[in-house]
Amino acid sequence: MKEIELKLQGKIKRLTNQTFKFDERIREGWFSAVYFLKTREIVEKYRPNNTVTMQFFQKKNAVLCGTDEVIALIKTFAKNPETLEIHSLKDGDKVKPYETVLTITGPYQNFGYLEGIIDGIFARRTSVATNVYNVVKAARKSGVQKPIIFMGDRDDHFTQQAGDGYSAFIGGSKAQATHAMSEWWGKMGMGTMPHALLQLFQGDVVEATKAYQETYPEDELTALVDYNNDVLTDSLKVARAFGDDLTGVRVDTSRTMVDQYFFRHPEVLGSFDPRGVSPELIFALRRALDKEGYQHVKIIATGGFTAERITEYEELNVPVDIYGVGSSLLKIHIGFTGDNVLLNGEHEAKAGRRYRENPRLERVE
């Protein structure tokens, strides 16, 4: 138990330094709704000697994230935090609708103005963690977990990367696009080549891949093969050039494009949509690689993937080895609510709300 407490203390200190950077504007209420600030002033004047219990919940089945960050917030910016009693679930806990995830008990004026900030932390972190969890779950079939690369760096403000990356880690993604995304959980970002590299080599995928290999000889060699909109041709070019050194090929065909394969083989066209990284394109790519003995080359599929789309691909047994997912993982769809439900230990709450005791909550020392 002591070891767990020490680890939690270390994480809270790290999150405090990295997330809040001791921004005194939080303490001053700059990020709090004005009515909370007015309430704090009124309570200090008229009702200073009361103890309230505030509880937090949401309304979906979710993977909880943000608890350590919230605790860091309270410990840093609440007034006289030693007067507060906090009970919390842990990051990564699976929670049900209306399940209490956190309670704070103490003088309202010492912490109440943090309510909206706490809701916001929980909402973003839990949404991202849950989104990633659902994608990871979709990419697990027959007991085999296909890796998910978290590629959300271009889909939101860069200041969100560290927290989003940590949330993605809690949700089950351990491969992330930037160093910032991996900062809170102690790893480094990963990646191979963008289309910009191929452009600078005028679309010559072999030369671009050769330059990459010579510059980063310790990396697993993965080539991006959709730049010329001819995935099979370029994949075979790099496979023939690098043989066993080639670990994988990444397909990122735009969903507005139809790969050249289908123009060369119109007989394969049917009722399916041939645009983008379609199942039929991946099947054709796998057959082409295998036919020439490149069974070891993995296929990485990126571009517009969601949990629903991955589920569809897995049900069709599309031979994707790794999925890269971005924007769909950052949709905020889980909102949290903080309610005052006890006053001096007795029920006192708005109509329709009540104290929901949760035996899973643990006291935060």
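Preceding block: the structure.
Computed from a predicted structure; not experimentally measured. (Residues numbered from 1 in each chain as written. Predicted model: local features only at pLDDT ≥ 70, side-chain atom pairs only at ≥ 80, totals over all residues. Heavy atoms only, no water.)

Novice: Describe the overall build of the protein, listing the residues and the values that go with them.
Specialist: Tallying secondary structure elements over the protein gives 14 helices and 16 strands in all. Dimensions along the principal axes, computed over C-alpha positions, put the protein at roughly 80 × 45 × 40 Å. Restricting to contacts in the protein with at least 6 residues of sequence separation, those with at least 24 account for 71%. Accessible area for the protein stands at about 18500 Å²; split by element, carbon and sulfur atoms hold 51% of it. Here the protein carries 47 positive and 50 negative side-chain charges, and the mean point of each set is 5 Å from the other. (Helix = DSSP H or I, 4+ residues; strand = E, 2+ residues; numbered from the N terminus. Contact = heavy atoms within 4.5 Å. Areas by Shrake-Rupley, 256 points an atom, 1.4 Å probe, with all protein chains shown as cover. Lys, Arg positive; Asp, Glu negative; His and termini not counted. Charge placed at Lys NZ, Arg CZ, Asp CG, Glu CD.)

Novice: Please set out the pairing of strand β10 (residues 221-224) residue by residue, giving values where relevant.
Specialist: What you see with β10 is no split at all: L221 and A223 on one side and T222 and L224 on the other are buried throughout. Both β10 and strand β11 (residues 246-251) contribute to a ladder of four bridges, which runs parallel. The residue bridging T222 from the neighbouring strand is G248, located in β11. (Buried < 20%, exposed > 50% of the residue type's maximum accessible area, 1.4 Å probe, protein only. Pairing = 2+ DSSP bridges.)

Novice: Which residues make up the pairing of strand β12 (residues 298-302), and what are the values?
Specialist: Within β12, four of the five residues are buried, which leaves the element mostly enclosed by the surrounding structure. Relative to β12, β11 runs parallel, the two sharing four bridges. Bridge pairing in β12 places G248 opposite K298. Pairing of β12 with strand β13 (residues 322-325) involves three bridges; the strand directions are parallel. Note on β13: the bridge partner recorded for A301 is Y323.

Geometric values such as these leave the question of function open.
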